[in-house]
Amino acid sequence: MISQEQFDKEIDGIIANAIREDVGDGDHSSLACIPASAQGKAKLLVKDEGVIAGVEFAKKVFAYVDKDMKVDTRIKDGSPVKYGDIVFYVEGASQSILKAERLVLNAMQRMSAIATKTKQFVDLLEGTGTKILDTRKTTPGIRALEKWAVKIGGGENHRFALYDMIMLKDNHIDFAGGITKAIHKTKQYLKETNRDLKIIVEARNLDEIKEILETEGVYRILIDNFNYKDTRTAVALIGDKCLTESSGGINEKTVRTYAECGVDFISSGALTHSVYNMDLSLKAV
């Protein structure tokens, strides 16, 4: 994953771009009927159940829009919530609250859905020692938010993007002329460019597992679209030579069985691409 400093820059960029997109040259609905001097208070109301996420992000949004707004947090990120819960109160200029409202809600609704789904996977894996990973199958432009939500839900982040880890998948391997060539070329590239990046290599069958193991320097093997029997065999072959990761359509019904095959990680794009937003509202009080 990227550094905390880079992650914070991503979040700042998301906020700036979202406000630019939504507000433009002004929130004319509010400017037209609410005096600039008017002060107000609103509450973040839960109309659903699950795991709340995005509270700290909401604070950043309010501060970006108006540094004088005050947030009184009642429920923290990662906490279970139910219908009727109040997550926080925000006080300040009424115009500022309304300017920030849609970004706060859009982000928190999606982040909470992702955190909720992630927590379901985490609970299913309890006691196995296997960790759930997200992927790059995220909404363009808000990846940092979605990966933040996975962490809030108890999951782990995979690589953030193409630049912070090497991941040799089927197309890389085929274009490079095979697994061994792809790995050797990668190691040479890292040496020539003086980069220290971990290498993950995807395997499509047990023969490819064996070929990967003939070359040192691989951080993790991606055991992709294997059945349970072959996954167990792959884990036994790999042993402690490197870490293992299962992927490929793994869902709530199959995740536990794959974990019991002994893999270190299971990655699932569904954590971020197949969720339904949590129902939240920001209501004036």
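Note that this is a predicted model, so its numbers are computed, not measured.

What should I look at first to understand the nonpolar core in this one?
Generally speaking, soluble globular proteins have nonpolar side chains that are buried together. Grouped together as the largest cluster of nonpolar side chains are 81 residues, with contacts concentrated most on Ile-52, Phe-57, Phe-88, Met-108, Ile-221, Ile-223 and Ile-266. The element that contributes the greatest number of residues to this core is helix α4 (residues 94-124), accounting for 12 residues.

What is the right way to look at the pairing of strand β5 (residues 86-93) in this model?
Two faces belong to every sheet, and in a regular strand the side chains alternate between them. Counting buried residues in β5 gives 6 out of 8 residues, a clear majority hidden from the surface. Note that strand β1 (residues 39-46) and β5 share 6 bridges and pair antiparallel. Opposite Lys-43, over in β5, you have Tyr-89 as the bridge partner.

Looking at this structure, how should I read the environment of Gly-262?
Checked against the element boundaries, Gly-262 lands in the loop between α10 (255-259) and β11 (265-267). When its relative accessible area of 39% is taken as the criterion, Gly-262 is described as partly exposed. In sequence terms Gly-262 and Ser-246 are 16 residues apart; their C-alpha atoms lie 9.8 Å from each other. Apart from residues lying up to four places away in sequence, Gly-262 is in contact with Val-235 and Thr-244.

How should the packing of aromatic side chains be read in this particular structure?
How two aromatic rings sit relative to each other is set out by the distance from centre to centre and by the angle between their planes. The full count for this structure, using the stated rule, is 4 aromatic pairs. Seen from their ring centres, Phe-57 and Trp-148 are 6.5 Å apart, and the 90° between their planes marks the pair as edge-to-face. In this pair, Phe-57 sits in helix α3 (residues 55-65) while Trp-148 sits in helix α5 (residues 143-152), placing the two residues 91 residues apart along the sequence. Comparing Phe-57 with Trp-148 shows no difference in burial state: the two are buried. Aromatic pair Phe-62 and Phe-88: ring centres 5.9 Å apart, planes at 85°, arrangement edge-to-face. Within this pair, whereas Phe-62 is found in helix α3, its partner Phe-88 is found in strand β5, the two being separated by 26 residues in sequence. By way of ring pairs, the aromatic residues Phe-7, Phe-57 and Trp-148 are connected into one cluster. When the ring centre of Tyr-89 is taken as origin, the NZ or CZ atom of Lys-41, which lies over that ring, is 4.7 Å away. Over the aromatic face of Phe-265 sits the side chain of Arg-220, whose NZ or CZ is 4.7 Å from the ring centroid.

How each quantity is defined
Residues numbered from 1 in each chain as written. Predicted model: local features only at pLDDT ≥ 70, side-chain atom pairs only at ≥ 80, totals over all residues. Heavy atoms only, no water. Core = buried A, V, L, I, M, F, W, Y, C linked by side-chain atoms within 4.5 Å. Buried < 20%, exposed > 50% of the residue type's maximum accessible area, 1.4 Å probe, protein only. Helix = DSSP H or I, 4+ residues; strand = E, 2+ residues; numbered from the N terminus. Pairing = 2+ DSSP bridges. Contact = heavy atoms within 4.5 Å. Phe/Tyr/Trp six-rings, centres within 6.5 Å; stacked < 30°, edge-to-face > 60°. Lys NZ or Arg CZ within 6 Å of the ring centre and 35° of its normal.

Function cannot be inferred from these measures alone, as they are strictly geometric.
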